[in-house]
Amino acid sequence: MTKNTTSRRQLLKAGLAGAGVAAAAPAARAQDFVTPSMLTPGKPFSGYGMPASYEAGVKRLVGTPGISPGTGSSRTPLEMLEGIITPSGLHYERHHNGVPDIDPANHRLVVHGLVNKPLEFTMDALMRYPRVSRIHFMECGGNSGGNSGPNPPQLTAGGIHGLLSCSEWTAVELGPLLDEAGIKPEGKWLIAESADAANISRSIPLAAAKEQALLVLFQNGERLRPEQGYPLRFIMPGWEGNLNIKWVHRLKVTNLPGMTKDETSKYSMLQADGKARQFNLVLPVKSVITRPSGQMTMQGAGFYEISGVAWSGHGRITKLEVSTDGGATWTNADMPGPVLPKALTRFRLPWQWNGQAATIMSRATDEMGNIQPTHAEWVKAFAPGQAYQNNGIQCWAIGADNSVKNTYA
Ligand SMILES: Nc1nc2c(c(=O)[nH]1)N[C@H]1C(S)=C(S)[C@@H](COP(=O)(O)O)O[C@H]1N2
Ligand SMILES: [Mo]
């Protein structure tokens, strides 16, 4: 309630008791309200519902495949979505060798290595463990990498930042399964490995895995989508996308990290001082304005709600500031909630646009006190060409011609 009041107060402060964007209704008689849809019965029931046909343009942005047809990514169209949950069919995809077809009846999870009792779980067995449901974002370490180059890419918000989604994940906690297997004292790392043709494997510090890892069975209330790792996925909420192993079939307890291809040839971050950061696993605080955003066309001067999403791998978002004057002054936006740890957080700010050129941007702060850096600060910290975990502030340049463009300043 308090938050709504704040929002109304901000609206009133901006002199926008009503947004004033609706057209005046023409004088009408009762029969003018009879629409064609009222004159024929509607369509029948369907076993699995689909979005309205008029929304057919709301799709993932499927990129050009790499070395095989299933190598590459598709992005979530962030600017077309609302709230904090990504519809399952629009969750971004990052596959290194396509989506495997796995029959859950044949799938097994093995927990072995430095354990007292190696265990093998069928899906039926895993289904019997207690479950938890949590809302968490997922983001690829390579997200926003386009903003690391010398020129700002002229793309939509999803085109630049859409390797980002948020779901309610229902899962079995890994901790009790590790207790069941019994960790040997030398066990310090956990290597999670996948059953797809990319054979992804990543090393996680064991203590963190024991505390935080989830074995996901359900996504937004239904079983995981094949693209998200059906029938079983390992996730570390808030950690780099790559280590959220889809189609997981093996967890090995070791004394040292595996130094696998996925954590040595990739996902290390070369800094400006020539040293590389390795196992930089928790994603930094970040936000993006999704409305108005890149490639949109404004409708002239007047009222707009500025809105977007913020997130941090370190916990909750505690503050979200918006600037509409290129960073000279900042206003706290509303976060009407839910504001959950390691989840997308929706923010909103009413804005009266005077029709003149304006640069808008958002800056997020998380509960650990981390503040999103400017684009220039982020670029300065890393070697040229380093493109992982770019959390620099996104600026959108709104032109007097109603255009919205990506800009670095
Ligand atoms: N088995 C497997 N797990 C994987 C991948 C993969 O290709 N195969 N891609 C990783 C990468 S780089 C990311 S960013 C996320 C993407 O998850 P999503 O496709 O569900 O969005 O999964 C990770 N886990
Ligand atoms: Mo990724």
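Being a predicted model, the structure only gives us computed values, none of them experimental. (Residues numbered from 1 in each chain as written. Chains lettered and ligands numbered in written order. Predicted model: local features only at pLDDT ≥ 70, side-chain atom pairs only at ≥ 80, totals over all residues. Heavy atoms only, no water.)

**Let's talk about the overall build of the protein chain**
- Tallying secondary structure elements over the protein chain gives seven helices and 23 strands in all.
- Against the compact-globule benchmark of 22 Å for 409 residues, the protein chain has a radius of gyration of 23 Å, which places it among compact chains.
- Projected onto its principal axes, the C-alpha positions of the protein chain cover 80 × 65 × 45 Å.
- Pairs at least 24 residues apart make up 72% of the contacts formed inside the protein chain by residues separated by at least 6 positions.
- For the protein chain, the exposed area adds up to about 19500 Å²; of that, 56% sits on carbon and sulfur atoms.
- When the 39 positive and 32 negative side-chain charges of the protein chain are each reduced to one mean point, those points stand 2 Å apart. (Helix = DSSP H or I, 4+ residues; strand = E, 2+ residues; numbered from the N terminus. Rg over C-alpha atoms; globule rule 2.2 N^0.38 Å. Contact = heavy atoms within 4.5 Å. Areas by Shrake-Rupley, 256 points an atom, 1.4 Å probe, with all protein chains shown as cover. Lys, Arg positive; Asp, Glu negative; His and termini not counted. Charge placed at Lys NZ, Arg CZ, Asp CG, Glu CD.)

**Quick word on the site of ligand 1**
- Near ligand 1 there are 21 residues, and of these Y92, H96, D196, R233 and K246 occur at the shortest range.
- At 2.9 Å, a side-chain N or O of D196 approaches a nitrogen atom of ligand 1.
- Within the side chain of Q228, a nitrogen or oxygen atom sits 3.0 Å from an oxygen atom of ligand 1.
- Against a free-state accessible area of 530 Å², the protein chains account for coverage of 100% of ligand 1.
- Considering each element in turn, the shell around ligand 1 owes the most residues, three residues, to strand β3 (residues 93–95).
- Of the residues belonging to the shell around ligand 1, the class tally is seven nonpolar, eight polar and six charged. (Near = heavy atom within 4 Å. Polar contact = N/O pair within 3.5 Å; in protein donor to acceptor, adjacent residues only side chain to side chain. Nonpolar A, V, L, I, M, F, W, Y, C, P; charged D, E, K, R; others polar.)

**Focus: the domain arrangement of the protein chain**
- Domain assignment breaks the protein chain into domain 1 (94–277) and domain 2 (286–407).
- The straight-line distance from the C-alpha centre of domain 1 to that of domain 2 is 28 Å.
- Between domain 1 and domain 2, the contact holds 33 residues from the first and 32 residues from the second.
- Carbon and sulfur atoms make up 59% of the surface buried where domain 1 meets domain 2, a total of about 2600 Å² over both sides.
- When the buried surface of domain 1 facing domain 2 is broken down by residue, F137, Q154 and M269 rank first, second and third, together holding 20% of it.
- At the junction of domain 1 and domain 2, the tally comes to one salt bridge.
- The residue K286 makes a salt bridge to E139 at a minimum N-O spacing of 2.7 Å.
- Counting residues per element, the ones that place at least two in the side of domain 1 that touches domain 2 are β6 (132–139), α3 (157–161), β7 (164–173) and β14 (269–270).
- Here the residues of the side of domain 1 that touches domain 2 are counted per class, giving 14 nonpolar, 15 polar and four charged. (Domains from an automatic or database assignment. Buried area = accessible area lost by both parts, 1.4 Å probe. Salt bridge = Lys/Arg side-chain N within 4 Å of Asp/Glu carboxyl O.)

**Side note on the sheet that holds strand β1 (residues 61–62)**
- In space, the three strands of this open sheet follow the order β1-β2-β3, with antiparallel pairing throughout. The open sheet has two free edges, formed respectively by β1 and β3, since each of these has just one partner strand.
- Bridge analysis of β1 against strand β2 (residues 72–75) gives two bridges, and the strand direction is antiparallel. Paired with V62 across the two strands is S74, which belongs to β2. (Pairing = 2+ DSSP bridges.)

**Focus on the pairing of strand β20 (residues 345–353)**
- The buried fraction of β20 amounts to seven of the nine residues, a majority that puts the element mostly inside the structure.
- Note: strand β17 (residues 302–311) against β20, nine bridges, orientation antiparallel. Looking at the pairing, S307 lines up with R348 of β20. (Buried < 20%, exposed > 50% of the residue type's maximum accessible area, 1.4 Å probe, protein only.)

**Examining the sheet that holds β17**
- The strand order across the open sheet formed by three strands is β16-β17-β20, and the pairing between neighbours is antiparallel. In this open sheet, the two strands that pair with only one neighbour each are β16 (286–291) and β20. Within the sheet, the average angular offset between the axes of one strand and its neighbour, ignoring direction, is 25 degrees.
- Note: β16 against β17, five bridges, orientation antiparallel. The residue bridging K286 from the neighbouring strand is W311, located in β17. (Axes fitted to C-alpha atoms, helices over the stretch in contact; angles between N-to-C directions.)

**A few points about the pairing of strand β13 (residues 248–254)**
- Here four bridges tie strand β4 (residues 108–113) to β13, and the two strands are oriented parallel to one another. Note that in β13 the partner of H112 across the bridge is K252.
- With six bridges connecting them, strand β8 (residues 189–194) and β13 associate as antiparallel partners. For W189, the partnering residue across the bridge sits in β13 and is T254.

**Here we look at the packing of aromatic side chains**
- Overall, the coordinates contain seven aromatic pairs when judged by the stated rule.
- For the pair Y304 and W353, a centre-to-centre distance of 6.1 Å together with 70 degrees between the ring planes defines the contact as edge-to-face. In this pair, Y304 sits in strand β17 while W353 sits in strand β20, placing the two residues 49 residues apart along the sequence. Across the pair, exposure class does not vary: Y304 and W353 are buried alike.
- On the basis of an interplanar angle of 40 degrees and a centroid distance of 5.0 Å, the ring pair of W378 and F382 is categorised as tilted. (Phe/Tyr/Trp six-rings, centres within 6.5 Å; stacked < 30°, edge-to-face > 60°.)

**A word on the environment of P51**
- With respect to the helices, strands and loops of the structure, P51 is situated in the loop between α1 (2–13) and β1.
- By relative accessible area, which is 62% here, P51 ends up exposed.
- Along the primary structure P51 and P152 are separated by 101 residues, whereas in three dimensions their C-alpha atoms are 33 Å apart.

**Let's talk about the pattern of salt bridges**
- In total, this model carries 18 salt bridges according to the counting rule given.
- Residue E222 pairs with R225 through a salt bridge whose shortest N-O separation is 2.8 Å.
- Among the charged side chains, a network of salt bridges with common partners joins E82, R291, E305, R346 and R348.

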